[in-house]
Amino acid sequence: MNILLFGKPGAGKGTQAPKLAAALKVPTLATGDVLRGAIRAGTPLGLKAKGYMDRGDLVPDDVILGVIGETLGRPEYANGVILDGVVRTVPQAEGMKRVLSTLKRKLEAVLSFDINNDEIVKRLSGRTVCEACQTPYTGHAAGETCATCGKGKLVRRKDDEPDAIRNRLDVYEKQTAPVLDWYKRDGVNVATIDASGSVDDVSKRALKALGR
Ligand SMILES: [Zn+2]
């Protein structure tokens, strides 16, 4: 079972990935993790990726897809995979299809975790982090003293300011809508999952969409 997860920033995709993986008994695969793994292992593609990163450049799609292909070829991925945010653009979707078909596999479903933008702004702007020890908090206001280290002040990340969140959501919308349309045209089952409510409720909806 090969599943691709999509989700607006703040929709809880990262929380759902390990839960779905446990329920479906397949591992997750996220781009950042496999890139770090390839760099640690010193594979030729890993070293190539490291070269780009050391220069402060984006790692090109063909290098990332190469690393993902190598990883998916391992025995632990033989029964399937939860691809966590691996595809963000149409060229990446096309590349991922080539990688999977080389392995004689295909995507069974794309799950898109969706939630109202106002709810996301509320969720994300409620996050703060200690400027001294970096402990993250939810439901604590900026300016409070950190309860963990007792010294630092809580601050809101620039990324979590309401205007920045709305900007990230606009970028997501522009990038993602064409990708979901591409998958629908390609005949892949694209399911939109209501990502509001509790983590368990969202998992249940996602599994139901997969017929589990
Ligand atoms: Zn602290």
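That block above? That's the structure.
A. Representation of the overall build of the chain. Counting its secondary structure elements, the chain contains eight helices and eight strands. Relative to its length of 212 residues, the chain is compact, with a C-alpha radius of gyration of 19 Å against a globular reference of 17 Å. Reported as C-alpha extents along the three principal axes, the dimensions of the chain are approximately 55 × 40 × 30 Å. Intrachain contacts of the chain at a sequence separation of at least 6 include 69% that bridge at least 24 residues. Counting every atom, the chain has about 11,400 Å² of accessible surface; 52% of that belongs to carbon and sulfur. Seen as two clouds, the 33 positive and the 26 negative side-chain charges of the chain have centres 4 Å apart.

B. Structural detail: the sheet that holds strand β4 (residues 109-114). The strand order across the open sheet built from five strands is β2-β3-β1-β4-β8, with neighbouring strands paired in parallel fashion. Pairing within the sheet leaves two strands with one partner each, and these edge strands are β2 (28-30) and β8 (189-194). Along the sheet, successive strands turn relative to each other by an average axial angle of 25 degrees, direction set aside. Bridge count between β2 and strand β3 (residues 81-84): three bridges; the pairing is parallel. The partner of Thr28 across the bridge, within β3, is Ile82. Against the sheet, helix α1 (residues 13-24) contacts β1 (2-7), β2, β3 and β4, and its axis sits at roughly 175 degrees relative to β3.

C. Examining the coordination of the zinc ion more closely. Protein coordination at the zinc ion comes from Cys130 (SG), Cys133 (SG), Cys146 (SG) and Cys149 (SG), with a distance range of 2.3 Å. In this structure, the zinc ion is surrounded by four donor atoms whose angles at the metal cover 106 to 116 degrees, and the resulting shape is tetrahedral. One chain supplies every donor to the zinc ion, and in sequence these donors are spaced C-x2-C-x12-C-x2-C. On the basis of relative accessible area, Cys146 is assigned to the buried category, the value being 2%.

D. Representation of helix α5 (residues 90-102). Between the first and last C-alpha of α5 there are 19 Å, a value that for 13 residues agrees with the 18 Å anticipated at 1.5 Å per step. Looking at the packing, one finds that the buried side of α5 touches α4 (61-72), β3 and α7 (162-185). Following α5 by one or two positions, Lys104 adopts a phi angle in the positive range, close to 60 degrees.

What counts, and at which threshold
- Residues numbered from 1 in each chain as written.
- Predicted model: local features only at pLDDT ≥ 70, side-chain atom pairs only at ≥ 80, totals over all residues.
- Heavy atoms only, no water.
- Helix = DSSP H or I, 4+ residues; strand = E, 2+ residues; numbered from the N terminus.
- Rg over C-alpha atoms; globule rule 2.2 N^0.38 Å.
- Contact = heavy atoms within 4.5 Å.
- Areas by Shrake-Rupley, 256 points an atom, 1.4 Å probe, with all protein chains shown as cover.
- Lys, Arg positive; Asp, Glu negative; His and termini not counted.
- Charge placed at Lys NZ, Arg CZ, Asp CG, Glu CD.
- Pairing = 2+ DSSP bridges.
- Axes fitted to C-alpha atoms, helices over the stretch in contact; angles between N-to-C directions.
- Donors = N, O, S within 2.8 Å, 3.2 Å for Na, K, Ca; no water.
- Tetrahedral: all angles 85-135°; square planar, octahedral: opposite > 155°, others 65-115°.
- Buried < 20%, exposed > 50% of the residue type's maximum accessible area, 1.4 Å probe, protein only.
- Expected span 1.5 Å × (residues − 1).

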